[in-house]
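Coordinate analysis (summary)
Below, each chain spelled out in residue letters.
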2 protein chains.
Amino acid sequence: MASKMAGTESQILPQSAIRNPQSAIQNLRSEICVPRLKKFYLWRKISNVKKILVIGAGRSSSSLVKYLLDNAEAQDWKVTLADRDLALAESKLNGNERGEALLFEADNHLRRKELIEECDLVISMLPASMHMMVAADAIELGKNLITPSYVSPEMKELNDEARRKGVLLLNEMGVDPGIDHMSAMRVIDEIKSKGGKLIRFESFTGGLIAPQSDDNPWHYKFTWNPRNVIMAGMGGTAQYIQNHNLKYIPIHKIFERYKEIEIEGYGVFEGYANRDSLSYRSVYGLEDVPTIYRGTLRGQGYCKAWNVFVQLGMTTEDFEVESKNMTWRDFINSYLQYDPELPVEGKIQNYLNLDQETMDLLKWTGIFDSTKIGVDSATPAALLQLLLEDKWKLKEDDKDMIVMWHRFDYELDGQEHQVQSSMVAIGEDHTYTAMSNTVGLPMGIAAKMILNGEMKLTGVQMPILPEVYEPILDELTKFDIQFVEKTIH
Amino acid sequence: MASKMAGTESQILPQSAIRNPQSAIQNLRSEICVPRLKKFYLWRKISNVKKILVIGAGRSSSSLVKYLLDNAEAQDWKVTLADRDLALAESKLNGNERGEALLFEADNHLRRKELIEECDLVISMLPASMHMMVAADAIELGKNLITPSYVSPEMKELNDEARRKGVLLLNEMGVDPGIDHMSAMRVIDEIKSKGGKLIRFESFTGGLIAPQSDDNPWHYKFTWNPRNVIMAGMGGTAQYIQNHNLKYIPIHKIFERYKEIEIEGYGVFEGYANRDSLSYRSVYGLEDVPTIYRGTLRGQGYCKAWNVFVQLGMTTEDFEVESKNMTWRDFINSYLQYDPELPVEGKIQNYLNLDQETMDLLKWTGIFDSTKIGVDSATPAALLQLLLEDKWKLKEDDKDMIVMWHRFDYELDGQEHQVQSSMVAIGEDHTYTAMSNTVGLPMGIAAKMILNGEMKLTGVQMPILPEVYEPILDELTKFDIQFVEKTIH
């Protein structure tokens, strides 16, 4: 029936129009609009202003927006910052004339398309799960996109279409993921280029408190999302590879099996295993490297003490504690076997065989205090977060710190070599934190490169190519984000 | 508009017919059918035969079907056993003339209704998740239903409707849940009736191997669903109450915090905490009892050795092991830190501080053997199951054993008393196992009571009332399912 119709009408309309009359009408419309578009294009070319659309004005956008505005005059940019909180967006612009704040709900798809259509480059600072809708529009409208988030399986699937359209979807452009890729790949490529054979790669990153603001025995404060800190390691068995052997650490052993890492000038840190070290084999092209381990950094003493909460069961979310009439002391006691003789402290010390230092860290949190929790019911993890949000709160003058450390062992000319590469970034204040700087600056530099035509990639990408990481790492040094390399024997 | 119509037509049809014309038509139809139905009813009354429909002919139905057929002549019953496997259903009937096997897919709702309509009592031996569709039909058609499974929240919601229709939905009629409720409630009611005040209730059940078939150091074989054994304790934090204090045990501590329980004539068992002891407070009417603990029994040495698998992380399902080229030794080694000096046995002994007895139990499983796993990839739990299915397989003459143990502490006349009540049931063979007997016989006896009008309950019920548990526990003693009570001081 359909083919018959096609047969009779094909004289007048092209085949495609019959298969899809909607799109035929659209094609017709765009032909009509061409003169107007051409005019607009010509105007744009003359004016030369490039429009950058940043969606999301949260904490992590501060340094990115500042970088873009600081460069806006010289580069002839206009920066539109769109957020559901207009006042927040406005506050990030600091009255800069090159900036424009917009009230915008990211799931308003008509408005979203309109905004993306108008710009030359989109930067999505939305929660990771929301990048996909921006990416779909970006491809459709032929605009390049930058995000700081991991390439999701759905994002990966856009690769072919993005390439066809000549669009770049540049992901993992923050600090972790982001600077970790760039700084590691630079050393890995260097080793390869001189004929070395990588035999071990370890990489650790931590969002911590700066030494000058470190005034508690945990050497830790919440500098970012507290929930992520409480749930660290709870996502599943950690996997890595050592001497070609797959190694697994279940969640209740992750904080027990930490490694000590020394960074000159900053002392000793503890690193616990991240869930996924294996996927870096293919991403970094390290399929034959015998040892690959990725982890998270904490201050000294942290892992042993945090392990107490894990061992007790306080980091779970599988049930709700009836906490209405409980004190913090009752809460911890509910994880300890009944004993009519011993106090709570004695029971926990016997149960988990704790040393005095660990006991001191626990005591400092207030978990042994006989004060009411003040919440009717919540999961153990939520209660623990409640307790620590009070203790690990940043003071007004506190500064955060990002620490990154890589270790590369390689063989060259029959000899084993080791290089360690580390970076410590200290935050400026509560707005331009180390976290915001290390996330936002690489994104800003990448934006500049794309708009200046210095990055000609298309498809779904992450910063692992020299043409991407070299200029970005170079410019980051101007902001004191700098790697120090150390050669061991 | 609707009310206008109701106004004009209300002279001819009753209000309800206008509100629900469908049901009015149905009512009309049933009036027409009455003479036929009455005739059928009269025939049924004369013949007196009662039809029992058993849905599901799996392992747990064997003793139930045998009990029903053994009583069929004396009680004038007809037993229909419906299953998707006709040969299996037929094999359970042993050629008994009172039995009938039917090929039946439980989700065929027309056929299901037809079968339920024809019978006087339904017994659902389907997987727990499938009881609900049978229950809905049973209510609609006014038939009583028995299941061996826990009352699900959805089942609970049927209570009011079942009561209105005068239908009994009797659940938790097996061994655990089932005999555990009945035997505990008998002692609890006894203590209450003489004015005692219960201060502690503990209850443990285990599906084990009979002493005469116990020929391995774990004192364990798979007598039931292996997966449930592998995943034991992995469902979430165990909760109980001790001296009025809520107590929590996270999954990685459950097998470490076992209790020892001695049963005269059978030696010492180990009991680990079940996930949920708290819900029994309301079910048994024990809201003010300071200590309530429910658990599962295993043989001596089991918990310590099983805890090794838990500690290593081998009972998880959160990722797939690339096991293609692995031996069992490689598998266990993947949970141990790299050490160029020590063998696997030495590493695990140091890591988890294991005694020789535990090491012997581990060695016996073959987990240290250098034989290929022979599976491309699977979760750790699935691999562990594969290993143990081979080792914990029942031999032809092996008999299983169900062990149940309760402890009741109470105050009476200013004095503390303790009663222990225990039951050990040994299986007859691979068909009439202790598990099949202890699940099926209470259900069969309940069926008899319902059909003889000795159980007049309606709504959603479980066996916690004396009128239910007394006759059932009495008759169970004829099958050697008998509780021995022991008074301590």
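Treat the numbers as computed from the prediction; the structure is a model and nothing was measured. (Residues numbered from 1 in each chain as written. Chains lettered and ligands numbered in written order. Predicted model: local features only at pLDDT ≥ 70, side-chain atom pairs only at ≥ 80, totals over all residues. Heavy atoms only, no water.)

Regarding the interface of chain B and chain A
Selection criterion: Two residues form a contact once any of their heavy atoms are found within 4.5 Å. Two parts placed together each lose some accessible area under a 1.4 Å probe, and adding up what both lose gives the buried area. Salt bridges are defined by distance alone: a side-chain nitrogen of Lys or Arg within 4 Å of a carboxyl oxygen of Asp or Glu. N or O atoms closer than or at 3.5 Å make up a polar contact, with two conditions inside protein: a donor-capable atom paired with an acceptor-capable one, and, for residues adjacent in sequence, both atoms drawn from side chains.
Taken together, the contacts link 36 residues of chain B with 35 residues of chain A. It is Y248, R257 and Y338 of chain B in chain B that bury the most area against chain A; as a group they hold 21% of the surface buried on that side. Where chain B packs against chain A, one counts two salt bridges. As a salt-bridge pair, E322 of chain A and R281 of chain B come within 3.7 Å of each other at their nearest N and O atoms. On inspection of chain B and its partner chain A, the count reaches 18 residue pairs in polar contact (both at pLDDT 80 or more).

A look at the side chain of N437 of chain B
All names here are of chain B. Heads up, the condition is: A helix here means a DSSP run of H or I that spans at least four residues, while a strand means a run of E at least two residues long, and both kinds are numbered starting from the N terminus.
Tracing the backbone through its elements, the reader meets N437 in helix α19 (residues 434-451). Among the polar contacts listed, one links the side chain of N437 to the side chain of E428, at a separation of 2.9 Å. Non-local contacts of N437, meaning those with residues more than four positions away in its chain, are made with S63, E428, Y432, P442 and I481.

So, the confidence of the model for chain A
All names here are of chain A. To be explicit about the condition: pLDDT expresses how confident the predictor is about each individual residue, on a scale running from 0 to 100.
Looking at chain A, pLDDT values average 91 and 90% of them are 70 or higher. A low-confidence stretch, residues 1-18 stays under pLDDT 50, and its non-local contacts, those more than four residues away or across chains, total seven contacts. In this model residues 24-45 is a low-confidence stretch, pLDDT under 50, and it forms four contacts with partners more than four residues away in sequence or in other chains.

What about the sheet that holds strand β3 (residues 99-103) of chain B?
Residue and element names in this part refer to chain B. Basically, it comes down to this: By definition, two strands form a pair when at least two bridges between them are found by DSSP. Whenever a helix is involved, its axis is fitted only over the stretch in contact; in every case the axis is a line through C-alpha atoms, and angles between N-to-C directions fall within 0 to 180 degrees.
One open sheet accounts for seven strands, arranged β3-β2-β1-β4-β5-β6-β17; its pairing is parallel. Here the strands that pair on one side only, and so sit at the sheet edges, are β3 and β17 (459-461). The average undirected angle you get between the axes of adjacent strands in this sheet is 20°. When strand β1 (residues 50-55) meets strand β4 (residues 121-124), the two strands line up parallel, connected through four bridges.

Focus on the pattern of salt bridges
Here is the rule: The cut-offs for exposure are 20% and 50% of the maximum accessible area for each residue type, with area from a 1.4 Å probe on protein chains only; residues under the lower value are buried, those over the upper are exposed, and the others partly exposed.
Here the structure, examined in full by the defined rule, presents 52 salt bridges over all chains. One salt bridge in this structure joins K221 of chain B and D398 of chain B, with 2.6 Å as the shortest N-O distance. You can see K221 of chain B sitting in the loop between β7 (197-209) and α12 (226-230) and its partner D398 of chain B sitting in the loop between α18 (380-391) and β15 (400-412), a full 177 residues away along the chain. Accessibility classification places K221 of chain B together with D398 of chain B in one group, the buried group. Members of the salt-bridge network, linked through shared partners, are D215, K221, K395 and D398 of chain A.

Observations concerning the relation of the copies chain B and chain A
Put simply, the rule is: The copies are overlaid by a least-squares fit using only the C-alpha atoms of residues whose pLDDT is at least 70 in both copies.
For the match of chain B to chain A, the screw axis carries a shift of 0.1 Å, the RMSD comes to 0.0 Å, and the turn is 180°. With respect to symmetry, the two chain copies, as superposed, fit the operation of a two-fold axis. Among all C-alpha atoms of chain B, that of H252 of chain B lies closest to the rotation axis, at 3.5 Å. Taken together, the interface assignments show that 97% of the residues at the interface of chain B recur at the interface of chain A, consistent with an identical surface on both copies.

Some words on the environment of I261 of chain A
All names here are of chain A. Note on placement: I261 falls in strand β10 (residues 259-263). The exposure class of I261 is buried, given its relative accessible area of 3%. As for I261 and I464, which are separated by 203 residues in sequence, their C-alpha atoms are 25 Å apart. When sequence neighbours within four positions are dropped, the list of residues in contact with I261 reads F204, G267, V268, F269, L297 and W405.

Some remarks on helix α11 (residues 179-193) of chain A
Residue and element names in this part refer to chain A. Counted only if it meets this: One fewer than the residue count of a helix, multiplied by 1.5 Å, yields its expected span.
The end-to-end C-alpha distance of α11 is 21 Å, a good match for the 21 Å that 15 residues give at a rise of 1.5 Å each. Residues I179, D180, H181, M182, S183, A184, M185, V187, I188 and I191 constitute the buried set of α11. A positive phi of about 90° marks G195, the residue just after α11.

Examining the packing of α11 of chain A against helix α20 (residues 466-476) of chain A
Residues and elements named next belong to chain A. So the rule is basically this: For classification purposes, an angle smaller than 35 degrees is called roughly parallel, one larger than 145 roughly antiparallel, one from 65 to 115 roughly perpendicular, and anything else oblique. Handedness of a crossing is defined here by the sense of rotation of the near helix relative to the far one, left-handed for an anticlockwise turn of less than a right angle and right-handed for a clockwise turn. Only Asp, Glu, Lys and Arg are considered charged in this grouping, and only Ala, Val, Leu, Ile, Met, Phe, Trp, Tyr, Cys and Pro are considered nonpolar; every other residue, Gly among them, is considered polar.
For the pair α11 and α20, the least separation of the axes is 9 Å and the interaxial angle reads 110°. On the basis of their axis angle, the class for α11 and α20 is roughly perpendicular. Every pair of crossing elements has a handedness; the one defined by α11 and α20 is left-handed. Between α11, through I179, M182, S183, M185, R186 and D189, and α20, the contact on the second element is made entirely by P466, Y469, E470, I472, L473, D474 and L476. Its residues placed into classes, the contact of α11 with α20 shows eight nonpolar, one polar and four charged.

Focus on the pairing of strand β12 (residues 291-299) of chain B
Residues and elements named next belong to chain B. The buried count for β12 comes to nine of nine residues, which makes it a mostly enclosed element. Pairing of β7 with β12 involves six bridges; the strand directions are parallel. Bridge pairing in β12 places R200 opposite T291. The pairing of strand β11 (residues 267-273) with β12 spans five bridges and is antiparallel. For E270, the partnering residue across the bridge sits in β12 and is R298.

A look at the environment of I445 of chain A
Residues and elements named next belong to chain A. Examined against the element boundaries, I445 turns out to sit in helix α19 (residues 434-451). The spatial distance from the C-alpha of I445 to the C-alpha of L64 is 9.0 Å, given a sequence separation of 381 residues. In this structure I445 touches Y67, I472, E475 and L476, once residues within four positions along its chain are discounted.

Comments concerning the sheet that holds strand β1 (residues 50-55) of chain A
Residues and elements named next belong to chain A. Taken together, the seven strands give an open sheet; going across it, the order is β3-β2-β1-β4-β5-β6-β17, and neighbouring strands pair in parallel fashion. This sheet does not close on itself; its edge strands, each paired only once, are β3 (99-103) and β17 (459-461). The sheet shows a mean angle of 20° between the axes of neighbouring strands, direction not considered. Pairing of β1 with strand β2 (residues 77-83), which is carried by six bridges, proceeds in the parallel orientation. By the bridge assignment for β2, K51 is matched with K78. Lying on the sheet, helix α7 (residues 109-118) is in contact with β1, β2, β3 and β4 (121-124); it crosses β1 at an angle near 145°.

Some remarks on the packing of aromatic side chains
Rules: Stacked, tilted and edge-to-face pairs are distinguished by plane angle, under 30 degrees for stacked and over 60 for edge-to-face with tilted covering the rest, among Phe, Tyr and Trp rings (Trp via its six-membered ring) whose centres lie within 6.5 Å. Two thresholds decide whether a charge sits over a ring: the Lys NZ or Arg CZ must be within 6 Å of the ring centre and within 35 degrees of the ring normal.
Counted by the stated rule, this structure contains 50 aromatic pairs over all chains. For the pair W218 of chain A and Y302 of chain A, a centre-to-centre distance of 5.4 Å together with 80° between the ring planes defines the contact as edge-to-face. On the criterion of sequence distance, the pair formed by W218 of chain A in the loop between β7 (197-209) and α12 (226-230) and Y302 of chain A in helix α14 (residues 302-312) is long-range, its members being 84 residues apart. Taking relative accessible area as the criterion, Y302 of chain A reaches 1% and is therefore assigned buried. Between the aromatic rings of F255 of chain A and Y272 of chain A, the centroid separation amounts to 4.3 Å while the plane-to-plane angle is 45°, which identifies the pairing as tilted. Here Y272 of chain A lies in strand β11 (residues 267-273) and F255 of chain A lies in the loop between β9 (245-249) and β10, a separation of 17 residues in the sequence. Assessed through its relative accessible area of 5%, Y272 of chain A is described here as buried. Counting every residue linked through ring pairs, the aromatic cluster contains W218, Y220, F222, F255, Y272, Y302, W306, F309 and W392 of chain A. In this structure, K259 of chain B is placed above the aromatic ring of Y293 of chain B, and the distance from its NZ or CZ to the ring centre is 4.2 Å. In this structure, R298 of chain B is placed above the aromatic ring of Y302 of chain B, and the distance from its NZ or CZ to the ring centre is 5.3 Å.

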